[in-house]
Amino acid sequence: MYMDGRILKGIGGFYYVDTTQGLVECKARGKFRKTIGKPIVGDLVELEVQPDGTGYLLEIRSRKNSLIRPAVANLDLIVIVATEASPKTDPFLIDKVIAIAENKGIEPCVVLNKCDLDPSDTLYRTYQKVGIPVFRVSAQTGEGLAALRAYLQGKAAAFAGNSGVGKSSLLNCLIPDFGAETGAISDRIGRGKHTTRHVELVPYQGGYIADTPGFSSFDTEQMDLVLREDLQYAFREFEPYLMQCQFTGCAHVKEKGCAIRAAVAAGEIPQSRYDSYVKLYESVKDLKEWKIGKEQKH
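Nothing here was measured: the structure is a model prediction, and the numbers come from that model.

Chemist: Help me understand the nonpolar core in this model?
Modeler: If you look at soluble globular proteins, the nonpolar side chains tend to sit buried side by side. Membership of the largest hydrophobic core comes to 55 residues, with the highest contact counts inside it found for Tyr127 and Leu231. Among the elements of the structure, strand 8 (77-82), helix 1 (91-104), strand 9 (107-112), helix 2 (121-129), strand 11 (156-161), strand 13 (207-211), helix 8 (259-265) and helix 9 (271-284) are those that each provide at least two residues to this core. Among the elements that make up this core, the one with the highest residue count is helix 1 (seven residues). Not counting chain neighbours up to four residues away, the residues in contact with Leu231 comprise Ala99, Val226, Tyr277, Leu280, Tyr281 and Val284. Counting 23 residues, the second largest nonpolar core, distinct from the first, contains Ala139, Tyr151, Phe159 and Leu174.

Okay, here's the thing in structure tokens:
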């Protein structure tokens, strides 16, 4: 029997695929390494189900996007959990993940947790101004969660957030016992919970929420960052000004006649966002495309 599905988890050479007939344990054919590469969580696949209920992956559909670390494909959203309550989130950490999301064609979303302690007005105004979806919530009181649930419906979303912002608490509000839920596949396949934690998708309201260990601390790898010539396009509020700079090839850092810098000075672009751009530019200005390609193969 042939069917389509989405990989929820991969461990030890086995892939666990969500299908209309339920969860199917699959092995992969060796040919993928020579084409699209190793199957990863989130891949949309075609599989052949054997009489014993197990299956083989036959084809990986084209990915609309993918991250390297965490290795996950076909995301609709990256949800960045932040707060101005203690511990206050550095806007640069938010903007770093937003830039990665924008470059990959994934919608970024900012969720300001602990709004019962601090409404995070500065961060709220910043991201609302630049057109990035932003929600104020409290995992403690439940405030704002209904709107967030409605926004997540039918989407595949990965959550990121620095330590202490309440990402785990928020996930447990959305999916009660979220940590236990991510162990459910291990229970069903009899492999136990004591293996190294991997990326896993958990079904949620017609979509999925990704459990992404290693993505919780904003410890994003340079391979998922943006080449310097593309970085300007990862800041959506720059777009109206990009053709107005005096000189072609303007880096928007020190150049005279830069329309981006003028827009910052006029208050049209938030200073914190521009500061993040400059910091990111300095970190990737020497990054070469061949190096990114080389890292992606490993």
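Chemist: Would you explain the pairing of strand 8 in this entry?
Modeler: As a general feature of sheets, a regular strand has side chains that alternate between the two faces. For strand 8, a buried count of six out of six residues is recorded, marking the element as mostly surrounded by other parts of the structure. Covered by surrounding structure in strand 8 are Leu77, Val79 and Val81 together with Ile78, Ile80 and Ala82, the residues of both alternating faces. In this sheet, strand 9 lies alongside strand 8 in parallel orientation, the contact comprising six bridges. By the bridge assignment for strand 9, Val81 is matched with Val111. The sheet contact formed by strand 8 and strand 11 spans five bridges and is parallel. Looking at the pairing, Val79 lines up with Phe159 of strand 11.

Chemist: Just to check I follow, could you spell out helix 4 (residues 167-174) for this structure?
Modeler: Those residues of helix 4 that sit buried are Lys167, Leu170, Leu171 and Leu174. One side of helix 4 holds all its buried residues, which, seen down the axis, span an arc of 100°.

Chemist: How should I be thinking about unusual backbone geometry in this particular structure?
Modeler: Most of the time, phi is negative for any residue but glycine, and the peptide bond is trans. Going from Arg69 to Pro70, the amide bond is cis rather than trans, its omega being 0°. Following the sequence through the fold, Pro70 ends up in the loop between strand 6 (66-67) and strand 7 (72-73). In the segment running from Ser86 into Pro87, the intervening peptide bond is cis, with an omega of -5°. A positive phi angle, near 60°, is found at Asn74, a position not held by glycine. Its location among the elements puts Asn74 in the loop between strand 7 and strand 8. Looking at Asn74, the relative accessible area reads 4%, which means it is buried.

Chemist: Would you take a moment to explain the pattern of salt bridges for this structure?
Modeler: Opposite charge on two side chains makes pairing possible when the charged atoms of those side chains draw close. With the rule as written, the count across this model stands at 11 salt bridges. Residues Arg61 and Glu59 are paired through a salt bridge, measuring 3.2 Å at the closest nitrogen-oxygen approach. Given a relative accessible area of 28%, Arg61 falls into the partly exposed group. The class of Glu59 is partly exposed, set by a relative accessible area of 36%. Here Glu237 and Arg273 are joined by a salt bridge, their closest N and O atoms 2.7 Å apart. Within this pair, whereas Glu237 is found in the loop between helix 7 (228-231) and helix 8, its partner Arg273 is found in helix 9, the two being separated by 36 residues in sequence. The two residues Glu237 and Arg273 agree in class, both being buried. Each of Asp4, Glu59 and Arg61 takes part in one network of salt bridges that share partners.

Chemist: How do you make sense of the layout of surface pockets when you look at a structure like this?
Modeler: One way to see where empty space is left: roll a probe the size of a water molecule over the atoms. Roughly 330 Å³ of internal volume is contained in the second largest pocket. If you trace the second largest pocket, you find 16 residues lining it, with Gln232, Thr248, Gly249, Cys250 and His252 closest to the centre. Of all elements in the fold, only helix 7 and helix 9 reach the threshold of two or more residues within the lining of the second largest pocket.

Chemist: Would you explain the packing of aromatic side chains in this entry?
Modeler: Each aromatic ring pair is characterised by the separation of its centres together with the angle its planes make. Scanning the entire structure with this criterion turns up six aromatic pairs. Relative to Phe238, the ring of Phe235 lies with its centre 5.3 Å away and its plane at 25°, an arrangement referred to as stacked. Residue Phe235 is classed as buried on the basis of its relative accessible area, which comes to 1%. Aromatic side chains Tyr274 and Tyr277 sit 6.3 Å apart centroid to centroid with 25° between the ring planes, which places their arrangement in the stacked category.

Chemist: I'm lost on the environment of Phe238 in this one. Help?
Modeler: Topologically, Phe238 is positioned in the loop between helix 7 and helix 8. As a C-alpha pair, Phe238 and Glu268 span 30 residues in sequence and 9.7 Å in three-dimensional space. Once you skip the residues sitting within four places of it in the chain, Phe238 turns out to touch Gln232, Ile260, Ile269, Tyr274 and Tyr277.

Rules and cut-offs
Note that residues are indexed from 1 along each chain, following the sequence as it is written. In keeping with the model being predicted, local features are shown solely for residues with a pLDDT of at least 70 and side-chain atom pairs are shown and tallied solely at 80 or more, while totals for entire chains, interfaces and linings include all residues. Each side-chain value is derived from all of the structure's non-hydrogen atoms; neither hydrogens nor water enter the calculation. Within this scheme, the nonpolar core is defined by two criteria: the residues are buried Ala, Val, Leu, Ile, Met, Phe, Trp, Tyr or Cys, and they are joined through side-chain atoms within 4.5 Å. Type-normalised accessible area, obtained with a 1.4 Å probe on protein chains alone, sets the label of each residue: buried when under 20%, exposed when over 50%, and partly exposed for intermediate values. Under the scheme used here, helices are H or I runs from DSSP no shorter than 4 residues and strands are E runs no shorter than 2 residues, and both carry numbers assigned from the N terminus. We call two residues in contact whenever any of their non-hydrogen atoms come within 4.5 Å of each other. One bridge is not enough; two strands pair if DSSP finds at least two bridges between them. It is the directions from the helix axis to the C-beta atoms whose arc is reported. A pair is scored as a salt bridge if a Lys or Arg side-chain nitrogen falls within 4 Å of a carboxyl oxygen belonging to Asp or Glu. Both site types are read off a 1 Å grid over the protein atoms alone. A 1.4 Å probe that fits but cannot get out defines a cavity, while an open set with protein on both sides within 12 Å along at least five of seven lines defines a pocket; lining residues have an atom within 4 Å of a point. Grid points are joined across faces, edges and corners, and a volume is the space filled by probe spheres set on the points. Centres within 6.5 Å are what make two rings of Phe, Tyr or Trp a pair, Trp counting through its six-membered ring; a difference in plane orientation under 30 degrees is then read as stacked, over 60 as edge-to-face, and the rest as tilted.

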